[in-house]
Amino acid sequence: MKVSKVMTAKEAVAKFIADGMTVGVGGFFHAISYAITHEIIRQQKRRLTICQPSFNEHADQMIGAGCVDRIVSSYVWMEVFGPLHCFRRAMEKGIPHKIEMEDYTNFAVMARYLAGSLGIPFIPIQSMKGSDMMKYSAWMGEGKAKLIRDPFNSKKEYVAVPALTPDIGYFHVQRADEEGNCQMWGIWGDSPWSMRACKQVIVSCEEIVGRDVIGRDPNRTILPGYKVIAVVPAPFGAHPKHTQGYYDVDRDFIFQYIRESRSPEGWKKFMDNWVYGVEDREGYLKKYIDTYGMKKFLNLKAKDISSSSVNYGF
Amino acid sequence: MSTDCKGAPSTNYTLQELLVAAAAREIKDNEVVFVGVGIPCLGAFVAKFTHAPNVVLVVESGCIGSMPYRLMLGIGDNACNENAIAATSLWRAFSDQQRGYFDLGMLGGAQVDKYGNLNSTAIFGKGDYKHPVTRLPGSGGANDIASSAKRTLLMMNQQKRRFLDKVDYITSPGYLDGPGAREKYGYTGNGPSVIISNMAIFRFDEMTKEAYLDSVHPGVTVDDVKKEVSWDLKVSPNVKVTPPPTEEEVEIIHILDEKKIYTGKGLKELTFESYIGMLEKSYTTLKSMFPA
């Protein structure tokens, strides 16, 4: 029997994300679910371990809100725009509390996810050898990474990293059907392997489509629905990040966050405005349009640059 | 060695534009280059529009062979997969790189040492790894690139506190503790080939693996550079003056970075409208100059 998994972000986060969980956060600079991230913050989830090859300001907001104890990642920064202030305050000064980061490389986090997606305990990689990532670790101690020798021909040494299988993962995609069959295009980043490594997956999407839309272009499917436990309709759900074919990055908004989050007070003000002070994503978008005007909002929308279609006929 | 660029040298250029051109000249035609953001990325774009039209640019987010007509501000920007050969996953991009397909990677950091080891993880100060005085972003893909790209280009600000005998934390391996170290670890890649700073260009001695001074930028002396290096810097007996960018290179830089985001302080004054305006203008101009 067909089961609809459609629910609100509020319901999905309340039902499936518990304090202390290890949470895989999907997207790579592109298609990051702010719809779910902000709900995690509003519901004041605590002691989370968050995982992603590279984190931007979505991690910073969760850190500032006190949701995070541990980070599995290779990077927490805002590229050329500079440091994320909550991350640094927490790492350097323990504000709002001391957090730990298990330093890997982009590829190493990805490889840990790949091992997780394959259901194998570890995977050997070429990265990290000789670097101080092998010398220092946080809470994982010696379980972070180990040098192993190729048991077959080369006898060379490789770095073995353990499988990463978060309790839950949340991802943003362009479209999904009610059962959670997801399609994504543009920058995939850590998907689809990270999605498969998570024990369960919440998906937020720009559009809910019929099963027939998925079936007409099945090569575009990044995750079949059997892994998905919740489908959250969230138009503009990745704002201020972008979602290819829907809207572009809102750099002004990201600048504003970075400027205001320099002090804990400024951060609180920003968050009161845009996270704590709104009910849900709909409220957030309404506030955005009220504050910046419809013209600016529509300016974010993507132009139509459609691909040529292919013939699936036989 | 860098590529010799033909064309009239510019007489009106900034230091940042010289750095972009210097980065561009490290790229040879038909190479596969792993690009990040910042000046090296602009350099890679300039190479593509000048002497290296067949270069394949790869971005960590999984975009391979894009043909961007506009500046990337992030490695997840839509510009990254514009007219790309393939838009795939982070895993695919990095697996190709671990397999040894990538010729050049471009890296930066907060500290570098004489063996080209880079630190982008933490400045310890009086603390340690767990209690750093300054926490930095971490490796990102830098360690992967430093381990597996055939060679790497390092871009650094020339300051004594950044050019150290030993970095606080080795995020990305150069030649580690000297000759033989990379061979011992069996990396796919061969290590750094050049450091480009805002004062000079350094290359690595084949025997000692130490960085030496190869050229100084116009107006900079060897002594100026030595003052901003913590170790006893060796100087090439044929130390040169870094050649200026060509007029053509400067023109491309002006089109791509009209608002001086990478080549000036434009980031501070950037608004959404001016940024979009710049991207659209550069897209139209470059597309007419270099149709796909």
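Residues numbered from 1 in each chain as written. Chains lettered and ligands numbered in written order. Predicted model: local features only at pLDDT ≥ 70, side-chain atom pairs only at ≥ 80, totals over all residues. Heavy atoms only, no water.

**Comments concerning the pattern of salt bridges**
Part 1 of the reasoning: Applying the stated criterion across every chain, the model contains 27 salt bridges over all chains.
Part 2 of the reasoning: For the salt bridge of Arg251 of chain A with Asp77 of chain B, the shortest nitrogen-to-oxygen distance reads 2.6 Å. In this pair, Arg251 of chain A sits in helix H8 (residues 251–260) while Asp77 of chain B sits in the loop between strand S3 (63–64) and strand S4 (86–87), so the two residues belong to two different chains. Across the pair, Asp77 of chain B and Arg251 of chain A agree in class, each one buried. (Salt bridge = Lys/Arg side-chain N within 4 Å of Asp/Glu carboxyl O. Helix = DSSP H or I, 4+ residues; strand = E, 2+ residues; numbered from the N terminus. Buried < 20%, exposed > 50% of the residue type's maximum accessible area, 1.4 Å probe, protein only.)

**Remarks on the sheet that holds strand S12 (residues 192–197) of chain B**
Residue and element names in this part refer to chain B.
Part 1 of the reasoning: Strand order in the open sheet made by the 10 strands is S4-S3-S2-S1-S5-S10-S12-S13-S14-S15, with mixed pairing throughout. Across the chains shown, the open sheet's two edge strands, defined by having one partner strand only, are S4 and strand S15 (234–241).
Part 2 of the reasoning: Summarising the sheet, strand S13 (residues 200–204) and strand S14 (residues 211–216) pair through five bridges and their orientation is antiparallel. Bridged to Ile201 within S14 is Ser215. (Pairing = 2+ DSSP bridges.)

**Quick word on the interface of chain A and chain B**
Part 1 of the reasoning: Each side of the interface is counted separately: chain A has 60 residues, and chain B has 59 residues.
Part 2 of the reasoning: Across the chain A to chain B interface the summed buried area is about 4,800 Å²; carbon plus sulfur atoms make up 57%.
Part 3 of the reasoning: Counting across the interface, chain A meets chain B through three salt bridges.
Part 4 of the reasoning: When the shortest N-O distance is used, the salt bridge between Asp103 of chain A and Arg135 of chain B registers 2.8 Å.
Part 5 of the reasoning: Tallying contributions element by element places helix H5 (residues 106–118) of chain A first for the side of chain A that touches chain B, with six residues. (Contact = heavy atoms within 4.5 Å. Buried area = accessible area lost by both parts, 1.4 Å probe.)

**With respect to the packing of aromatic side chains**
Part 1 of the reasoning: Using the criterion set out here, one finds 32 aromatic pairs over all chains in the structure.
Part 2 of the reasoning: Judged by centre distance (5.1 Å) and plane angle (80°), the ring pair of Phe34 of chain B and Phe102 of chain B falls under edge-to-face. In this pair, Phe34 of chain B sits in strand S1 (residues 32–35) while Phe102 of chain B sits in the loop between helix H3 (90–98) and strand S5 (104–108), placing the two residues 68 residues apart along the sequence.
Part 3 of the reasoning: For Phe102 of chain B, a relative accessible area of 3% corresponds to the buried category.
Part 4 of the reasoning: A ring pair is formed by Phe163 of chain B and Phe202 of chain B, whose centres lie 5.5 Å apart and whose planes are at 40°; its orientation type is tilted. Of this pair, Phe163 of chain B sits in strand S11 (residues 163–164) while Phe202 of chain B is found in strand S13, placing the two residues 39 residues apart along the sequence.
Part 5 of the reasoning: Assessed through its relative accessible area of 0%, Phe202 of chain B is described here as buried.
Part 6 of the reasoning: These aromatic residues form a ring-pair network of at least three members: Phe236, Tyr247, Phe253, Tyr257, Phe270, Trp274, Tyr284, Tyr288, Tyr292 and Phe297 of chain A.
Part 7 of the reasoning: The cationic tip of Lys287 of chain A hangs over the ring face of Trp274 of chain A; the distance from NZ or CZ to the ring centre is 5.6 Å.
Part 8 of the reasoning: Between the NZ or CZ atom of Lys296 of chain A and the centre of the ring of Tyr292 of chain A, over which it lies, the distance is 4.9 Å. (Phe/Tyr/Trp six-rings, centres within 6.5 Å; stacked < 30°, edge-to-face > 60°. Lys NZ or Arg CZ within 6 Å of the ring centre and 35° of its normal.)

**As for unusual backbone geometry**
Residues other than glycine predominantly adopt negative phi, and peptide bonds predominantly adopt the trans conformation.
Part 1 of the reasoning: Cis geometry is adopted by the peptide bond preceding Pro96 of chain A, which originates at Ile95 of chain A and carries an omega value of -5°.
Part 2 of the reasoning: Following the sequence through the fold, Pro96 of chain A ends up in the loop between helix H4 (85–93) and strand S4 (100–103).
Part 3 of the reasoning: In this structure, the amide linkage connecting Ser191 of chain A to the following residue, Pro192 of chain A, adopts the cis form with an omega of 0°.
Part 4 of the reasoning: Take Pro192 of chain A: it is sitting in the loop between strand S9 (182–183) and helix H6 (193–197).
Part 5 of the reasoning: Backbone geometry at Asn30 of chain B places phi at a positive 75°, although glycine is not the residue there.

**What to know about the confidence of the model for chain B**
Interpreting fine coordinate detail is not advised for predicted regions of low pLDDT.
Part 1 of the reasoning: Per-residue confidence for chain B gives a mean pLDDT of 93; residues scoring 70 or more make up 99%.
Part 2 of the reasoning: Interface predicted TM-score (ipTM) for the complex: 0.95; the corresponding pTM is 0.96. (pLDDT = per-residue confidence, 0-100.)

**Observations concerning the side chain of Arg151 of chain B**
All names here are of chain B.
Part 1 of the reasoning: Among the structural elements, Arg151 can be located in strand S10 (residues 151–156).
Part 2 of the reasoning: Within the local environment of Arg151, its side chain forms a polar contact with the backbone oxygen of Glu26, the two atoms lying 2.7 Å apart.
Part 3 of the reasoning: Ignoring anything within four residues of it in the chain, the contact list for Arg151 reads Glu26, Ile27, Lys28, Glu31, Asp103, Leu104, Gly105, Gly191 and Ser193. (Polar contact = N/O pair within 3.5 Å; in protein donor to acceptor, adjacent residues only side chain to side chain.)

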